[in-house]
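# Secondary and tertiary structure notes
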Amino acid sequence: MTRKEAEQAAKKKAAEKQGVGILGKPVERVSWNDCDAFCKKTKLRLPTEAEWEYACRAGQRTPRYGELDKIAWHRGNSQDTTHAVGTKKANGFGLYDMLGNVWEWVNDWYGAYTADEQTNPQGPSSGSRRVLRGGSWNFSPYYVRSSYRYLNAPGNSNYDALGFRVSRTPF
């Protein structure tokens, strides 16, 4: 979600609290709680972790949907900053910035995966940390892949590469 989209949808401070910047850059420095409040207000939602990974992979089983420097901003090519959304190649579903630029909060609590194969697995019903996916501009390429999971406290926004992507379908 871009700052412009956030401002249009919320018409409040969802994007203003992020500081001055280009409206095409992703919203950043947002907590999971901020994202949840935004989603409730706009009748949108955060994707589940399984939905996020499916959207990122776009039908592929590979860790990335293309050559990393062509699809994502990461520590090796970002010049230590976020970049406007859509400046790298989209995945097979036409989605931009699924990897790199900013970590994306998902709806799930963090929990260990089971060894069993699952379809649309649901995360734990509670916990102390929420899941982020996709990697960011200030992480090494190892972390910028579809399967890597990061975790953080839902109230934490003190990190300049925490963003989000919304789902347009209701729960």
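Residues numbered from 1 in each chain as written. Predicted model: local features only at pLDDT ≥ 70, side-chain atom pairs only at ≥ 80, totals over all residues. Heavy atoms only, no water.

### Quick word on the overall build of the chain
Looking only at helices and strands, the chain features four helices and four strands. Walking the chain from its N terminus toward its C terminus, one meets helices and strands in the order α-α-α-α-β-β-β-β. The C-alpha atoms of the chain give a radius of gyration of 15 Å, which matches the 16 Å a tight globule of 171 residues would have. Its C-alpha atoms give the chain principal-axis dimensions of about 45 × 35 × 25 Å. A sequence separation of at least 24 residues applies to 69% of the contacts in the chain between residues at least 6 apart. Entry remark: accessible area of the chain is about 9200 Å², with carbon and sulfur atoms responsible for 51%. (Helix = DSSP H or I, 4+ residues; strand = E, 2+ residues; numbered from the N terminus. Rg over C-alpha atoms; globule rule 2.2 N^0.38 Å. Contact = heavy atoms within 4.5 Å. Areas by Shrake-Rupley, 256 points an atom, 1.4 Å probe, with all protein chains shown as cover.)

### Notes on the sheet that holds strand S2 (residues 130-133)
Consider a sheet: its strands pair through backbone hydrogen bonds, and that pairing is either parallel or antiparallel. Taken in spatial order, the four strands make up an open sheet running S3-S2-S1-S4, and their pairing is mixed. Only two strands of the sheet have a single neighbouring strand rather than two, namely strand S3 (149-152) and strand S4 (162-164). Direction aside, neighbouring strands of the sheet carry axes that sit 50° apart on average. Bridge count for strand S1 (residues 103-109) against S4 is three bridges, and the pairing is parallel. Residue Glu104 lies in a different strand from S4, and its bridge partner there is Gly163. Taken strand by strand, helix H2 (residues 32-42) contacts S1, S2 and S4, and its axis lies near 80° from that of S1. (Pairing = 2+ DSSP bridges. Axes fitted to C-alpha atoms, helices over the stretch in contact; angles between N-to-C directions.)

### Some remarks on the pattern of salt bridges
Considering all chains together, one arrives at eight salt bridges under this definition. Glu51 serves as the salt-bridge partner of Arg45, at 2.8 Å between the closest nitrogen and oxygen. Where Glu53 meets Arg133, a salt bridge forms, and the shortest distance between an N and an O atom there is 2.7 Å. Within this pair, whereas Glu53 is found in helix H3 (residues 49-57), its partner Arg133 is found in strand S2, the two being separated by 80 residues in sequence. By relative accessible area, Glu53 is classed as buried at 19%. (Salt bridge = Lys/Arg side-chain N within 4 Å of Asp/Glu carboxyl O. Buried < 20%, exposed > 50% of the residue type's maximum accessible area, 1.4 Å probe, protein only.)

### With respect to the pairing of S1
Burial runs high along S1: six of the seven residues are buried. Sheet analysis places S1 next to S2, joined by three bridges and oriented antiparallel. The residue bridging Trp109 from the neighbouring strand is Arg130, located in S2.

### Here's the deal with the packing of aromatic side chains
As enumerated under the stated definition, the model contains eleven aromatic pairs in all. Ring geometry for Trp103 and Phe139: centres 5.1 Å apart, planes at 90°, overall edge-to-face. Separated by 36 residues along the polypeptide, Trp103 in strand S1 and Phe139 in the loop between S2 and S3 bring together distant segments of the chain. With respect to burial, Trp103 and Phe139 carry one shared label: buried. Through pairs of rings, three or more aromatic residues link up here, namely Trp103, Phe139, Tyr142, Tyr143, Tyr148, Tyr150 and Tyr159. Taking the ring centre of Tyr142 as reference, the NZ or CZ of Arg145 above it sits at 4.3 Å. (Phe/Tyr/Trp six-rings, centres within 6.5 Å; stacked < 30°, edge-to-face > 60°. Lys NZ or Arg CZ within 6 Å of the ring centre and 35° of its normal.)

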